Amino acid sequence: AKGLNTEVKKLVIEYITNVDRQNTIEVDVTETVDNIILLLEKQNASHRQEFSQTIQQGFFIFFLVISISIACSLLITWLTNRDIFHQIGGIVNTAQRIADGDMEAKVETGGAGILGKLSQALQKMVTSLQSMIADAEKSRMDADKQAELCTTAMVEAKEARQEALDANRKGQLE
């Protein structure tokens, strides 16, 4: 009976030791999952901030280029004679439409003089802006995809954490 008692005590001590190990593992797993979730949340915020900065820079460049174009158009109007005022008015109107967001506005590129060159430069700018807007939209879509991936990863991490906690509780009950 004394040997049996000693054996039971050993088994109880071993059981308690295993429960303590399980608790330690549970704490470690929980901390690791929490750290992963925090990291994913930081990455998600970082992607959103980068996207926001890209959009802000794009709009700043867009409005800066449009402002410069309008200023150049006004300067040319003032310096040129009245016979070509109609052509300059057309260029200014197109620039205004572009500034108002009409990226489909076409610039008449007729003439070989300074007005023809201005029209060509404005049309080239429109093409460049359209490309920049397309790039910004692609960046936004990429950022949205990354945010969705981060959200999915966070959900999966939370589910895995819950499964680990449930499994640990199940193991303690048995």
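Residues numbered from 1 in each chain as written. Predicted model: local features only at pLDDT ≥ 70, side-chain atom pairs only at ≥ 80, totals over all residues. Heavy atoms only, no water.

Engineer: Any chance you could explain the confidence of the model for the protein here in plain terms?
Structural biologist: Detailed reading of the predicted model is not advised wherever pLDDT is low. Averaged over all residues, the pLDDT of the protein is 85; the fraction at 70 or higher stands at 93%. Confidence, expressed as mean pLDDT per element, reaches its minimum in the protein at helix H2 (residues 85–99) with 81 and its maximum at helix H1 (residues 2–79) with 88. (pLDDT = per-residue confidence, 0-100. Helix = DSSP H or I, 4+ residues; strand = E, 2+ residues; numbered from the N terminus.)

Engineer: Explain a nonpolar patch on the surface to me, please; I cannot follow it from the model alone.
Structural biologist: Where nonpolar side chains cluster on the molecular surface, the patch consists of Leu-4, Val-8, Val-12, Tyr-15 and Ile-16 and spans about 470 Å² of accessible area. Along the polypeptide, Ile-16 turns up in helix H1. Note on Ile-16: relative accessible area 45%, which makes it partly exposed. (Patch = residues over 30% accessible without salt bridge, like charges linked within 9 Å, V, L, I, M, F, W, Y side chains within 5 Å. Areas by Shrake-Rupley, 256 points an atom, 1.4 Å probe, with all protein chains shown as cover. Salt bridge = Lys/Arg side-chain N within 4 Å of Asp/Glu carboxyl O. Buried < 20%, exposed > 50% of the residue type's maximum accessible area, 1.4 Å probe, protein only.)

Engineer: Just to check I follow, could you spell out the nonpolar core for this structure?
Structural biologist: With 17 residues, the main nonpolar core has Phe-62, Ile-66, Ile-98, Leu-122 and Leu-129 as its most contacted residues. Of all elements in the fold, only H1, H2 and helix H3 (114–173) reach the threshold of two or more residues within this core. With six residues, the single largest contributor to this core is H3. Contact partners of Leu-129, with chain neighbours within four places excluded, come to Phe-62, Ile-66, Ile-98 and Met-103. (Core = buried A, V, L, I, M, F, W, Y, C linked by side-chain atoms within 4.5 Å. Contact = heavy atoms within 4.5 Å.)

Engineer: Mind showing me how you'd approach the packing of aromatic side chains here?
Structural biologist: Working definition: an aromatic ring pair is given by the centre-to-centre distance plus the angle between the planes. Summed over the entire model, instances satisfying the criterion amount to two aromatic pairs. The interplanar angle of 25 degrees and the centroid separation of 6.3 Å between the aromatic rings of Phe-59 and Phe-63 together place this pair among those described as stacked. Here the residue Phe-59 and the residue Phe-63 both occupy positions in helix H1, the gap between them amounting to four residues, near one helical turn. Overall, Phe-63 belongs to the partly exposed group, its relative accessible area being 44%. Ring centres 5.1 Å apart and planes at 75 degrees place the aromatic pair Phe-62 and Phe-63 in the edge-to-face group. Among the aromatic residues, ring-to-ring pairing joins Phe-59, Phe-62 and Phe-63 into one connected group. (Phe/Tyr/Trp six-rings, centres within 6.5 Å; stacked < 30°, edge-to-face > 60°.)

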